[in-house]
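Close look at the chain arrangement
What follows is each chain in one-letter form.
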Amino acid sequence: MKILLYNPDNGVTRNFMPHLWMFLLQALTPEKHEVILIDGNAKAMTREELVSFCKEENIGLVGIGSMTRMVARAYRVADSLREAGIKVVMGGPHVTECADEALGREGGPRHADAVALGEADEYWADIIEDAENDELKDIYQPQFDDKGNDKKPSLQPYPHIPWETLDLDQFSLVPKMFRSTLAKLGKGWGKFFVVPIETGRGCPYGCEFCTVTGFFGDSIRFRANEDIVEELLRLKARARREKGQIAVFFIDDNLAINKKRLKSLLKDMIAAGAILPWVAQISANLLADEELVDLIADAGGKWVFIGMESIDPENMASVNKQFSKPADYKGVLDRLAERNIFAITSFIFGMDNDTKGVAERTVEQIESWAPGLPVFGQLTPFPATPLYTRLEKEGRLKRKKHWLDFAPFVMAHTPNKMTIKEARTETNYAWSRSYSPKRNLEAVESIKEKPLQFRISMLVSRLFFHGIYFPQMGRRAWLKLLSQNRKPISGLLKEGLSKWRKVRKGDSGGSVSEQVFDKPKKGYS
Ligand code: B12
Ligand code: SF4
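Residues numbered from 1 in each chain as written. Chains lettered and ligands numbered in written order. Predicted model: local features only at pLDDT ≥ 70, side-chain atom pairs only at ≥ 80, totals over all residues. Heavy atoms only, no water.

Here the focus is the pattern of salt bridges. This model, assessed by the stated rule, comprises 41 salt bridges. With its nearest N and O atoms 3.3 Å apart, the salt bridge here joins Asp 113 to Arg 82. Separated by 31 residues along the polypeptide, Asp 113 in the loop between helix H5 (99-102) and strand S5 (114-116) and Arg 82 in helix H3 (residues 71-83) bring together distant segments of the chain. For Arg 82, a relative accessible area of 25% corresponds to the partly exposed category. Across the pair Arg 439 and Glu 442 runs a salt bridge, and its minimum N-O distance is 2.9 Å. Of this pair, Arg 439 and Glu 442 both sit in helix H17 (residues 437-445), 3 residues apart, which is roughly one turn of that helix. Among the residues examined, Glu 442 registers a relative accessible area of 30% and is labelled partly exposed. Connected through salt bridges with shared partners, the residues Glu 119, Asp 121, Glu 198, Arg 201 and Arg 221 form a single ionic network. (Salt bridge = Lys/Arg side-chain N within 4 Å of Asp/Glu carboxyl O. Helix = DSSP H or I, 4+ residues; strand = E, 2+ residues; numbered from the N terminus. Buried < 20%, exposed > 50% of the residue type's maximum accessible area, 1.4 Å probe, protein only.)

Since there are 3.6 residues in each turn of an α-helix, residues three or four apart along the chain are aligned in direction. Within the sequence span of helix H2 (residues 47-56), burial applies to Leu 50, Val 51, Phe 53 and Cys 54. Along the axis of H2, the buried positions cluster into a sector of 160 degrees, meaning they face one direction only. Facing away from the buried surface of H2 by more than 90 degrees, the exposed residues are Glu 48, Lys 55 and Glu 56. Close packing links the buried residues of H2 with strand S1 (2-7), strand S2 (34-39), strand S3 (59-65) and H3. Remark: Asn 58 follows H2 within two positions and exhibits a positive phi of approximately 55 degrees. (Arc of directions from axis to C-beta. Contact = heavy atoms within 4.5 Å.)

All right, on to the side chain of Glu 309 then. Here Glu 309 shows up in strand S12 (residues 301-309). Beyond its immediate sequence surroundings of up to four residues, Glu 309 is in contact with Phe 209, Met 316, Lys 321, Ser 346, Phe 347, Ile 348 and Met 351.

As a structural note, the neighbourhood of ligand 1 is formed by 38 residues, with Met 17, Thr 68, Asp 121, Thr 211 and Asp 253 the closest of them. For ligand 1, an oxygen atom lies 2.7 Å from a polar atom in the backbone of Thr 68. Of all the elements, helix H1 (residues 20-27) adds the most residues to the shell around ligand 1, at 4 residues. Considered class by class, the residues forming the shell around ligand 1 number 21 nonpolar, 11 polar and 6 charged. (Near = heavy atom within 4 Å. Polar contact = N/O pair within 3.5 Å; in protein donor to acceptor, adjacent residues only side chain to side chain. Nonpolar A, V, L, I, M, F, W, Y, C, P; charged D, E, K, R; others polar.)

What follows is about unusual backbone geometry. Of the consecutive residues Gln 156 and Pro 157, the connecting peptide bond is found in the cis state with omega at 5 degrees. Tracing the sequence through the fold places Pro 157 in the loop between strand S6 (139-140) and helix H7 (176-185). The backbone of Glu 309 sits at a positive phi, close to 65 degrees, despite the residue not being glycine. Taking the relative accessible area as the measure of exposure, Glu 309 reaches 6% and is therefore buried. Backbone geometry at Ala 384 places phi at a positive 70 degrees, although glycine is not the residue there. Relative to the assigned elements, Ala 384 resides in the loop between strand S14 (373-378) and helix H15 (386-393).

Now for the sheet that holds S3. Sheet architecture is open: 6 strands sit in the order S2-S1-S3-S4-S5-S6, paired in parallel fashion. In the strand order of this sheet, the two ends are held by S2 and S6, each with one partner. Pairing between S5 and S6: 2 bridges, direction parallel. Bridge assignment links Ala 116 to a residue of S6, and that residue is Tyr 140. Strands S1, S2 and S3 of the sheet are contacted by H1, whose axis makes an angle of about 165 degrees with S1. (Pairing = 2+ DSSP bridges. Axes fitted to C-alpha atoms, helices over the stretch in contact; angles between N-to-C directions.)

What holds strands together in a sheet is hydrogen bonding between their backbones, with the strands either parallel or antiparallel. Strand order in the open sheet made by the 6 strands is S7-S10-S11-S12-S13-S14, with parallel pairing throughout. A strand with exactly one partner marks an edge of an open sheet, and here the two such strands are strand S7 (192-197) and S14. Strand after strand, the sheet turns through a mean of 20 degrees between neighbouring axes, direction not considered. One ladder, built from 6 bridges, connects S7 with strand S10 (residues 245-250); its direction is parallel. Looking at the pairing, Pro 196 lines up with Phe 249 of S10. Here helix H18 (residues 452-469) sits on the sheet in contact with S12, strand S13 (342-349) and S14, set at roughly 15 degrees to S14.

Let's shift gears to the confidence of the model for the protein chain. Per-residue confidence for the protein chain gives a mean pLDDT of 91, with 91% of residues at or over 70. Low pLDDT, under 50, characterises residues 520-525; the predicted model gives this stretch 13 contacts beyond four residues in sequence or across chains. (pLDDT = per-residue confidence, 0-100.)

Now for the site of ligand 2. Around ligand 2, the neighbouring residues are Cys 203, Tyr 205, Gly 206, Cys 207, Phe 209, Cys 210, Val 212, Thr 213 and Asp 253. For the shell around ligand 2, the per-class residue count stands at 6 nonpolar, 2 polar and 1 charged.

Before going further, it helps to examine the packing of helix H10 (residues 259-272) against helix H11 (residues 290-298). Interaxial distance between H10 and H11 falls to 9 Å at its minimum, and their mutual angle equals 30 degrees. Of the two elements, H10 crosses H11, and the hand of that crossing is left-handed. Taking contact as the criterion, the partners of Lys 259, Leu 262, Lys 263, Leu 266, Lys 267 and Ile 270 in H10 are, on H11, Glu 291, Leu 292, Leu 295, Ile 296 and Asp 298. For the contact of H10 with H11, the residue count by class is 6 nonpolar, no polar and 5 charged. (Left-handed = near helix turned anticlockwise from the far one by under 90°.)

Quick look at the structure:
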């Protein structure tokens, strides 16, 4: 049977990396079946095109995965496929919590032939077998243990995802208009992929707004170090073979949740030379450990995603995240920046103690720290979270099923101390100020003592990052952005060119790129 795994586009713009679940389920599919992957964020297709594609390819089963924010879109795609007689199974965090909605048991239309609850690793093959025999059940879920809890996959062994041979072309991040020019610049510049890798699942912290503790559980399961190192080495070999740039996103919710285990993993990566540039999510409270931060730098860590949420400790307490202390944020970012690691800092507006002006107060603080990539969202009650239950009890939910009429940056409940409209204005202010040409220039200049490649990385990341959250896909949008940011771009280009000329005149050994992009010094600048 031919199976299509489809990820609907998120309605904003493209994701910067593919979703792991597709590769994982593909790897867990019995060999006799063929699996095709399409990510709507990377390869835009109308519903009609998708249906024709499935018919032409004789697809027997479509698997759709979705977060809450794109579930309405996922349902529409599923409806079109089912109308054309194609079987659909849906999985992921949203339908796990709202299975009845997907199955039309709440009075609305039915969208899926079957739903997959929780982690599907151990029963995905059963779904395929039942689909092949035309015996799909409504609901699939993990087996239960003696206490009636889901039996979670141990992750040891972990499926072999054949990164070395997978067709990743739809996921190259270099915009088409720049590919040929960049390819001429040097080895591997025409292609760039960010590949998701997990090293463990679960989080014990239970922040009020988060689905992770409920979904993956509060005890953590880790993969074996050797297995992760082997996966990284295969990716590194591919990057070398194809002369492409590959970076890794460790998608664990908190890579350092067990510091001892992370240190041992990083030491194993360093010993095996399994070093690729990587990004990981780590909470601020775990980044005070100097040895750990040194190891992160030595093992290739370039960016750390930190859920900072708010600069107001009262807000942090209100969402059960008081373990993360705003007073520590500056120190954490400085410690990282000393090692040339920068942070993607995530903030939430519309929290219970937020008042008008919160964006300005927050951004002012952010601007006094080491530069990074701030991200701003709003407090969102995802189904089955403690936050959803609390707001429902308090009668504060304005749109109980906000996902069915998803609107970016429009809150589903009224914040305590401002209106929904004000929360939106605050969020827009924070984004536009933080990624203005003025701020981009300041961010690059604030690290002028750093080697050239870190400043280029800071600027390029800033230009791209805004595009993850706001549409920035067309040639005109890009040209406008480049023109607005011409000052730092031309400054860095000039510096790079003059270094390049010097290197060409009096060659002192090593490759041109090694000499232009100074090798980072030990002891850090
Ligand atoms: C990586 C990640 C991202 C990446 C992008 C996603 C990507 N390309 O991978 C980034 C950083 C960009 C991101 C952004 C956001 N994210 Co995010 N992200 C994650 C994260 C950390 C890992 C996802 C992952 O790969 N997990 C590991 C895989 C193996 O698990 P899985 O996807 O759940 O898949 C398993 C099962 O669900 C099931 N399954 C899944 N799909 C399907 C489909 C079928 C057919 C079947 C049978 C089974 C199945 O089988 C899989 C194997 O067991 C999760 C948290 C988490 N631990 O999952 C949050 C998470 C998915 N994100 C979340 C959110 C809210 C967001 C944002 C909206 C945050 C924000 N306010 O901006 C944005 C949205 C961005 C956008 N434009 O869409 C929420 C979603 C909650 C919900 N109910 O929807 C999560 C769960 C985190 C949380 N705090 O609650 N995210
Ligand atoms: S927000 Fe992060 S730390 Fe808090 S429960 Fe979710 S995954 Fe864990």
